[in-house]
Amino acid sequence: MSLAEPLRSGAAQAPDGAPVLSVEGLSVSVATEGGSRPLVQGISFALRRGETLAIAGESGSGKSITSLAVMGLLPANVRATAGTVRLGATDLLRLPESRMRAIRGDRVAMIFQEPMTSLNPVMTVGAQLAEAIRAHAPLPRRAARARALDALRAVRLSEPERRLDQYPHELSGGMRQRVMIAMALALKPDVLIADEPTTALDVTVQREVLDLLRELRRETGTALVLITHDMGVVAEMADRVVVMKDGRLVEEGPVARIFAAPRQPYTRALLAAVPRMGTRPPADVPADAPALPSAPPVCTLRDLTVRFDIGRGLLGRPTHRVHAVEGVSFDIRAAETFALVGESGCGKSTIARAIAGLVPFAGGIDLAGHELRGQGDVTRAVRRDAQIVFQDPAAALDPRMRVGDLVAEPLVIHGIGTRDERRATVESLFERVGLSRTQLDRYPHEFSGGQRQRVCIARALALRPRLIVADESVSALDVSVQARVLALLRELQDDMGVSFLFISHDMAVVDSIADRVAVMFLGQILEMGTRAQVFGDPRHPYTRRLIEAVPVPDPTHVRPPRDRLASEVPSPVRRRDDPPRRLRLRDVGDGHLVSEPGPPGEPV
Amino acid sequence: MSDAVLPEPRRRTALGRLARRPLALLGLLVIVVTVAAAVAAPWIAPFGRDEQLFEGLTLEGAPMPPGGMFPLGTDLLGRDLLTRILWGARTSLVIGVAANGMALLIGTLVGVTAGYFRGWIGSLLMRFTDLMMAFPALLLAICLAAIFTPSLWIVALVIALVNWVQVARVLYTETTSLAERDFIAAERAIGAGHGRILFRHVLPHLVPTIIVWGTLGISTTVLLEATLSFLGIGVQPPEPSWGNIIFENQTYFQAAPWLVAFPGAAILLLALAFNLVGDALRDVLDPTQKGRG
Amino acid sequence: MAAYLIRRLGGAALILLGVSLVTFFLLYVLPADPVRQIAGRSATPETVESIRRQLGLDQPFWVQYGRYLWNLLHLDLGRSYLQRSEVSELIWARLPPTLLLMAGAIACELALGLTMGVVAALRRGTAADNGLMIASFVGVSAPQFVVGLLMLYVFAVRLGWFPIGGYGTFAHLVLPSLTLGILGAGWYSRMMRSSMVEVLRQDFVRTARAKGLTRRRVILRHALPNAVLPVIAMIGIDIGIFMGGIVVVESVFGWPGIGQLAWQAIQRVDIPIIMGVTLVSAVAIVLGNLLADLVAPLIDPRIRLR
Amino acid sequence: TDPYQPDPAATPGGTITVTYKDDVATLDPAIGYDWQNWSMIKSLFDGLMDYVPGTTDLRPGLAERYEISEDGLTYTFHLRPGVTFHNGREMTAEDVAYSLNRVTDPATQSPGAGFFGMIEGFDARMAGEAETLSGVTAVDPLTVQVRLSRPDATFLHVMALNFASVVPQEAVAAAGEDFGRQPVGTGAYRLAEWTLGQRLVFEKNPDYWREGIPYLDAITFEVGQEPVVALLRLQNGEVDVPGDGIPPAKFQEVMADPEQAARVVQGGQLHTGYITMNVTQPPFDNVDVRRAVNMAINKDRITQIINGRAVPANQPLPPTMPGYTEGHEGYAFDPEGAKALLAQAGVPDGFETELYVMNTDPNPRIAQAIQQDLAAVGIDASIQSLAQANVIEAGGAGTAPMIWSGGMAWIADFPDPANFYYPILGCAGAVEGGWNWSKYCNEELDAMATQADSLSDPAMAGDRLQMWSDIYMKVMEDAAWAPVFNEERYTMKSPRMGGADALYVDPVSIPVNYDYVYVTE
Ligand SMILES: Nc1ncnc2c1ncn2[C@@H]1O[C@H](COP(=O)(O)OP(=O)(O)OP(=O)(O)O)[C@@H](O)[C@H]1O
Ligand SMILES: Nc1ncnc2c1ncn2[C@@H]1O[C@H](COP(=O)(O)OP(=O)(O)OP(=O)(O)O)[C@@H](O)[C@H]1O
Ligand SMILES: [Mg+2]
Ligand SMILES: [Mg+2]
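Computed from a predicted model, the values in this text were never measured in an experiment.

Undergrad: I would appreciate a short explanation of the interface of chain B and chain C in the present structure.
TA: Interfaces are often described in size by the accessible area the parts lose on coming together. Facing the 45 residues of chain B at the interface are 47 residues of chain C. In total, chain B and chain C occlude about 4,000 Å² of area from one another, counting both sides; carbon and sulfur atoms represent 79% of this. Summed over the shared surface of chain B and chain C, the number is one salt bridge. Of the charged contacts in the structure, one is a salt bridge between R190(C) and D279(B), with a shortest N-O distance of 3.9 Å. Counting across the interface, chain B meets chain C through two residue pairs in polar contact (both at pLDDT 80 or more). Elements with a minimum of two residues in the side of chain B that touches chain C: α4 (119-133), α5 (137-147), α6 (152-179), α8 (194-230) and α10 (258-285) of chain B. Per-element tally for the side of chain B that touches chain C: the top contributor is α8(B), with 10 residues. Its residues assigned to classes, the side of chain B that touches chain C shows 28 nonpolar, 13 polar and four charged.

Undergrad: I keep staring at the UniProt feature "transmembrane region" (unreviewed entry) in chain C and nothing clicks. Help me out?
TA: Residues and elements named next belong to chain C. The UniProt feature table records "transmembrane region" (unreviewed entry) at residues 12-30, 99-122, 134-155, 167-188, 227-253 and 273-296. The distance separating the terminal C-alpha atoms of residues 134-155 is 23 Å; by composition the span is 91% helix and 0% strand. Annotated as 100% helix and 0% strand, the span residues 273-296 places its first and last C-alpha atoms 34 Å apart.

Undergrad: Before we go on, may I ask you to explain the site of ligand 1 in this structure?
TA: Residues and elements named next belong to chain A. Every one of the 15 residues lining ligand 1 counts as a neighbour, but S59, G60, K63, S64 and I65 are closest to it. One of the side-chain nitrogen or oxygen atoms of S64 is found 2.5 Å away from an oxygen atom of ligand 1. I65 is positioned with one of its backbone polar atoms (N or O) 2.8 Å from an oxygen atom of ligand 1. Sorting elements by how many residues they give to the shell around ligand 1 places helix α2 (residues 63-71) first, with three residues. A per-class count over the shell around ligand 1 returns five nonpolar, seven polar and three charged.

Undergrad: Can you help me understand the state of the cysteines in this one?
TA: Such a bond, covalent and formed between the sulfur atoms of two cysteines, is termed a disulfide. Residues and elements named next belong to chain D. A complete count under the given rule lists one disulfide over all chains for this structure. With a sulfur-sulfur separation of 1.9 Å, C427 is cross-linked through a disulfide to C441. Given an S-S torsion of about 90°, the disulfide between C427 and C441 has right-handed geometry. Of the two residues, C427 is situated in the loop between α14 (422-425) and α15 (443-453) and C441 in the loop between α14 and α15; the sequence distance between them amounts to 14 residues. The exposure class of C427 is buried, given its relative accessible area of 14%.

Undergrad: Can you help me understand the nonpolar core in this one?
TA: Within soluble globular proteins, side chains that are nonpolar generally end up buried alongside one another. In terms of nonpolar packing, the biggest core is built from 268 residues, with L152(C), L27(D), F77(D), F116(D), I119(D), M159(D) and F202(D) touching the most fellow members. Ranked by residue count, the leading element in this core is α6(B), at 15 residues. When residues of this core are sorted by domain, at least three fall in each of domain 1 (2-73) and domain 2 (96-199 + 229-267) of chain C. Setting aside its immediate chain neighbours within four residues, F77(D) contacts L48(D), M49(D), A63(D), R65(D), Y66(D), L142(D), T143(D), V144(D), V146(D), F155(D), L156(D) and M159(D). Core analysis: the second largest hydrophobic core is formed by 76 residues, L129(A), L149(A), A182(A) and V191(A) among them.

Undergrad: So what exactly am I meant to see when it comes to the packing of aromatic side chains here?
TA: Two aromatic rings, taken as a pair, are described by how far apart their centres are and by the angle between their planes. All names here are of chain C. If you walk through the whole model with that rule in mind, you get 41 aromatic pairs over all chains. Between F61 and Y65, the ring centres sit 6.1 Å apart and the planes meet at 5°, which makes this aromatic pair stacked. In this pair, F61 and Y65 both sit in helix α4 (residues 61-73), four residues apart, roughly one turn of the helix. Summarising the burial analysis for this pair, F61 and Y65 share the class buried.

Undergrad: In this structure, what is going on with the packing of helix α7 (residues 144-158) of chain C against helix α8 (residues 170-200) of chain C? I would like to understand it.
TA: The relative placement of two packed helices comes down to the angle between their axes together with the axis-to-axis distance. All names here are of chain C. α8 packs onto α7 with a crossing angle of 140° between their chain directions and a minimal axis gap of 10 Å. In this view, α7 runs oblique relative to α8, as classed from their interaxial angle. The chirality of how α7 crosses α8 is right-handed. Contact residues: α7 offers Q144, V147, G148, M151, L152, F155 and A156, while α8 offers L175, L178, T179, L180, I182 and L183. Partitioned by chemical class, the residues of the contact of α7 with α8 number 10 nonpolar, three polar and no charged.

Undergrad: Explanation requested: the domain arrangement of chain C in the structure shown.
TA: Considered domain by domain, chain C is made up of domain 1 (2-73) and domain 2 (96-199 + 229-267). Between the C-alpha centres of domain 1 of chain C and domain 2 of chain C there is a distance of 34 Å.

Undergrad: Help me understand the domain arrangement of chain A in this model?
TA: All names here are of chain A. The domains assigned to chain A are domain 1 (19-272) and domain 2 (299-391 + 465-595). Spacing between the C-alpha centres of domain 1 and domain 2 amounts to 33 Å. Across the contact, 27 residues belong to domain 1 and 22 residues belong to domain 2. Regarding the contact of domain 1 and domain 2, the summed buried area is about 2,100 Å², with carbon and sulfur atoms giving 58% of it.

So, how was this worked out
- Residues numbered from 1 in each chain as written.
- Chains lettered and ligands numbered in written order.
- Predicted model: local features only at pLDDT ≥ 70, side-chain atom pairs only at ≥ 80, totals over all residues.
- Heavy atoms only, no water.
- Contact = heavy atoms within 4.5 Å.
- Buried area = accessible area lost by both parts, 1.4 Å probe.
- Salt bridge = Lys/Arg side-chain N within 4 Å of Asp/Glu carboxyl O.
- Polar contact = N/O pair within 3.5 Å; in protein donor to acceptor, adjacent residues only side chain to side chain.
- Helix = DSSP H or I, 4+ residues; strand = E, 2+ residues; numbered from the N terminus.
- Nonpolar A, V, L, I, M, F, W, Y, C, P; charged D, E, K, R; others polar.
- UniProt positions renumbered as here; feature names shortened; annotations may be inferred.
- Near = heavy atom within 4 Å.
- Disulfide = S-S within 2.5 Å.
- Buried < 20%, exposed > 50% of the residue type's maximum accessible area, 1.4 Å probe, protein only.
- Core = buried A, V, L, I, M, F, W, Y, C linked by side-chain atoms within 4.5 Å.
- Domains from an automatic or database assignment.
- Phe/Tyr/Trp six-rings, centres within 6.5 Å; stacked < 30°, edge-to-face > 60°.
- Axes fitted to C-alpha atoms, helices over the stretch in contact; angles between N-to-C directions.
- Parallel < 35°, antiparallel > 145°, perpendicular 65-115°, else oblique.
- Left-handed = near helix turned anticlockwise from the far one by under 90°.

Structure (structure tokens):
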């Protein structure tokens, strides 16, 4: 038996018949010290065979909790208090654990939100797959391995035989997500729940995974519950949509109807917040900003290079080098938003870290009057002028400090103001970023992702810096929060005249906020220019490919068929005696710089 | 979570939160009572510290079992065991708390410094730690004590000097991974100095480990002190310590079980009490890990 | 791997050199005079001086140490002052029992400690958890001499399940290993518990459950190997900690190991034996750490040897 | 000429097990000097002289008979013919000479070399100026002559010491420094197996020159056995004699059980436990202070603390030692008197001092009892409980004001009053590093001692003992020590052990005289 079997039997069918999964009146509560608090209330939906149901809604609206309730995997202190979850005729909520176990993986499978951490790091991919298979089908080891191999082939992982014996950390995020999908689909479940399967991935990888899910659904007839906050993904994938807010179902309907004619105000707001490529008029920049080219640069990078030595030989000498950033030059002008885009690992964050003095670098950074020639030049005074908002707000805040103290900390360090003055400053900053002053005494984990990001921004603003480096500051946020944060950034720029270095892999977001854009690949810039130049007239094939990969939040949009990108991103790790080729940029008019084609990794 | 405004829970002070945990309170009580007993030993002990009582021995020279005049019995010299344990609390607190604390302190300092700064300081410190680890602690203790004149504080120092190594190793590993975390980079990015990062941001995260080692270390150091005393390095008789009382009488555990059981129980109780308080403290200090171990 | 091993062994050699230097120095400044022990109570001062000369103990420190190192390079650990036998022979005879005992003890403490830790983590906050916590503190606080005698009395004398001390068969190994292991089990269970609690919160454990695996398999195959890592690193440290306990346990159980030899040598200032035992235990500790470091990547492939 | 009558009930055969805590250091008779290997070496080797089993009476050993010259300076020993070493070779006078030369060779580093100081040529030998002892000559294969540089009544006892055992030169040469591990002697047993750290097995020497001796086929010595555990094993029938005796922790349990108590043999031993007071240091340079200390000690209570396993002592010599002064009262326990003496000595309020003690039970306990007694008269003695080596070091260096001798104390090497004097009370031992920890040096007494020992004529033995008695009385007058008690021996045995009780408390063979005990089943 193989996964391709249903394809041959012609199982690619339209959604029809009785629902495979139906949820009715589901309520879930968490037991807290102060009694039980509802997380999800009265959710109902049904899922038919071969159908894709998208659950959309902002962060914390109960999407994950709902799916966990279906799987019977709720956290210890959380319980389903009412309703039914029927798989065929069985009510999963009332099933004893042993019978539930037999159903899990076999008839209902789930792909979790975090591909990076959802695989056991100490077991080979093959073992984890075979184990899932053997848990439900009494197969000998060898047969299970063969089935696992089929599963990996089915998700079109490159070199499947080799992957079987590799460990998760040896795979990229996209590959791991495919392994998760293979694992979930290996037993051909009736229902597959995918919780934000692509949020953490690059646009290009996201593209591949979405394509793959669609194909698999078509081939196996598995019904899919897709949880996502990305309306683009919803538009591309879903047959029907459930919109949730605060643990309640707001609206349900076919995807086309929801997008075309949302009935609830919340749904409308949600859709309105979605950034769309190419919807911002190219002219809006010169209209409301000062003539950009004339503004003095706040930050100038000249031939910035960051390399990490790795590997150790016999005498402890490094053998290899990571060329994270290779000769990058650009400048950021006052009150400008300069965006860096590119796939994971291309060196975006490293540039941010170099500016913040967190990694040793070569080349020059001129920052608000300070001339930095190396990490050692980044003094406290420099840091006052350049602040960084980290990629992951949850990780960038010390979990053991109250947010009020965290925001006040830069002031303390730089010796600004008295205690009371600082308190006042922090309160006003909180108001600025849209948080209430009553929340000052909370700990970071007591905030939602978006709120945490706002805390980080407030912290960065505390010193009134000239430049704020925002590293993927909105990628992990759901659209509504994302929109709010972006609006906030724009507002701050208008009020305070700060410049932003905006780092993101989300092209739509960049399109909606940036004044100028640079596209990076393997540590070097491939194309750079104004937003209109890069997005309106992409010259480099790689730029074009990135733009095309962005999901379009419009169910009617028809994507031109494309070859799947089976390639992996080439590695910036090279032997010490083998430096990469430096790309030269050519001006194609009006400061629009483009490199010669061809990746920088290959020697000419 | 949306911005749905939940009523702000009232913040309790750390002490207030501690007070809501009955077990922690119990632990605190034990510690307070032990300290009080140690301080008040001269006044509350029924007999003199070293008083070898005629009634304390049978005619054949056997110690008296608990009961009557001697609530916990007497030792092999006819001294009241309760008195000895009360006085012994002084020594044992110094060893179990001060010496052990000193070891923790040194270990933390070395491990954290090495783990945070890496580089040559880190290598140097860790090589030194490896050297110390490869060195038999007992021998070191003997030699150190032979060089200085033995006294309680020298013993405490010696114990601290041999016991910090493991702590340093464990904390080193933990600190290295902690130092890689984003929020430490974030602190640096806002201009925080090393001192601030170490004390305000790294150390609090090491508290759980420090507590495990610290509380388990109480028993081991108290017993180690007895070994050292036996070798002539620790406190000298007739000064009692819980470890010594056990050590001197351990062969009599069948003939006179109380001589081992009571001081043993005292050590156990003290260690448990510190553990309970430590656990609570950790939960209080770590808002994200309520009730986690 | 080969490069790594060579580097580590080179480092180990340096550590041993350091240990030998420090030990030699400490013994050099130690006030007790070994010659007096050798010469006996009726010796004349001339005899004492003659012996001192013969042993080279009248030489300056660096000469003595240099000679010791030179002999060490020829694998000559010298002769015991009091037993007059080759130290290497004395140690060699006692090494296998000690290694066996350590292996047994490590097995016991892992078996006990890990089980206790896992159970406590799974039953977090319950009475069982608290009971196990108390048990682990009892293990750490109980004087080993008493524990050993108690075990001997109950399991050997009363119940007759095991021989009353001695060395030779597996049955002989059980009680001493257990006695020595109980202390370690206390530590391991505490560490294992916190490690396990941490791992049980990880996403991949949920994934494993989502695959429909049995609870047993989820715990044993997924959670345990991940949780055991920090504990493995402890084993290297452990060997050093054992050195103290081994003296007591070996003497209670009449186990013919290094501990007894070392103890007697320390009491009598038999410097060559002390040096020899110190070096051997340093080697054991260094190798133990190396072993722990080599095992770690086998359990967790993410760890690379550096 | 052998007054000893073998036990008629003795039956040959059988094996016994003896346990020890400490490893056996060496079986080289020139080196072995602890009480544990002392008796083992006695069974592997023989000297020219020997003791009647269970007593302190000399009897001829390898020497069938001997003659002493008129002046008491020349001893002629006639060897027993046909005695063979364990390697089969016949023992000759050359071997005797070799053995004496060996033990006095500085290179041998024998701790017993000093005992042979009376032999002519000893000083030259020790100084490394002579290859041999000039006083020792092998006259013919069966005759050895030893000339002394001064008459010495203890000489025959010295010839009975282990250090004077006869060893075969070729075996010593073959084994080199490892002779102590591969001993070859003429004794009743020979070494069959030695597993380091675990076990030694002695097997019967079938060619032993004494008829019918030994009775046992083999003796197994198990080492590394904790005394408490050894006793458990004895109670369990696995052990015949616990070599370290009955551990204090078990003593009362054993004695309370009539069946077990019946198997305990009690006897005296040539032991005295005493406190030294450094007479070179104030305030102990004042004899009144020393007397006060003697009077302050409550010996009865100390005896009680060790479960009555000793008798209070009133003089340096133990009661079973020849030369013991019968009827001497010593210093009676009298704290008031002690205080008065202290006042008289100018320290009415007492003083602070230190009491050194070896760290093994029961010594620290005894020291604490002493401490309390001293405190009662105003002397504040802090205890230094140290490893043996450190106490000996402090004693030798003269830095210890007071030392409790227990654990390191004087068990006589041979049963003669002289043995208690020279190293521990005489001027020779009062030097830096010597064992006279009181540093008490009375030239007058030294002269008396030399004079007494020169009375080597057996006819003068009574006079000699009287002189020794006087010497020790003088020592007591000067109160160089505070004798505390004479330890008794309690040897426990398994039910199957046979032989007279005296064999189990043999004064020179601890714990038992292996050559003469037997098993009854
Ligand atoms: N173990 C728990 N204990 C208490 N509250 C919880 C627990 N898990 C989730 N919640 C709360 O339940 C609500 C719903 O969480 P859920 O994870 O379902 O959100 P979501 O819609 O999946 O959000 P996201 O898009 O961020 O993943 C949130 O307010 C969250 O804080
Ligand atoms: N400290 C370091 N040591 C070795 N290599 C490093 C280090 N930091 C970053 N790198 C490598 O440098 C390259 C660039 O990393 P960087 O974090 O800048 O990528 P990025 O563009 O921000 O990717 P993402 O979108 O995933 O955040 C990567 O290959 C990364 O593995
Ligand atoms: Mg979620
Ligand atoms: Mg990045």
